[in-house]
Amino acid sequence: MVRIYHNPRCSKSRATLQLLKDRGLDPQVIEYLDTPPDAESIRQLLTKLNFSARDLLREGEQEYRDLGLADDSLGDEQIIQAMVSHPRLIERPIVETEGGARIGRPPESVLEVL
């Protein structure tokens, strides 16, 4: 099982998807802006990534500022709920396999879990 949480407008996401295809893989593509992961899926990804919820946040997004997510007193559950409601906050791309998950920045980093 290889799954990519993909944003087709993102060059790193497109490059990561192409890297997977070049390796002969046919990953399940989840366009997460159209089909956002639920809270449990995000928790599972965080476990596989060995990340805190804050580690998965895109701090440059307007929603990050609008929701006050720079507040260090916010816990993982509050941040996860923000990502469920505003999936643009989720770092991309994420490649998930049974062996783990990696952020495709740079795209070659996902090779560690293939």
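What comes next is a walk through the structure. Predicted model only: the values in this text are computed from it and were never measured. (Residues numbered from 1 in each chain as written. Predicted model: local features only at pLDDT ≥ 70, side-chain atom pairs only at ≥ 80, totals over all residues. Heavy atoms only, no water.)

**Here's the deal with helix α2 (residues 39-49)**
Thinking step 1. Taken together, the buried positions of α2 are Ala39, Ile42, Leu45, Leu46 and Leu49. Seen along its axis, α2 keeps its buried residues to an arc of 120 degrees; they face one direction.
Thinking step 2. Elements in contact with the buried residues of α2: β1 (2-6), α4 (76-85), β3 (94-97) and β4 (100-103).
Thinking step 3. Asparagine 50 sits one or two positions beyond α2 and adopts a positive phi of about 60 degrees. (Buried < 20%, exposed > 50% of the residue type's maximum accessible area, 1.4 Å probe, protein only. Helix = DSSP H or I, 4+ residues; strand = E, 2+ residues; numbered from the N terminus. Arc of directions from axis to C-beta. Contact = heavy atoms within 4.5 Å.)

**Structural notes on the environment of aspartate 26**
Thinking step 1. Looking at the element boundaries, aspartate 26 is found in the loop between α1 (11-22) and β2 (28-31).
Thinking step 2. The spacing of aspartate 26 and arginine 3 is 23 residues in sequence and 8.9 Å in space, taken between C-alpha atoms.

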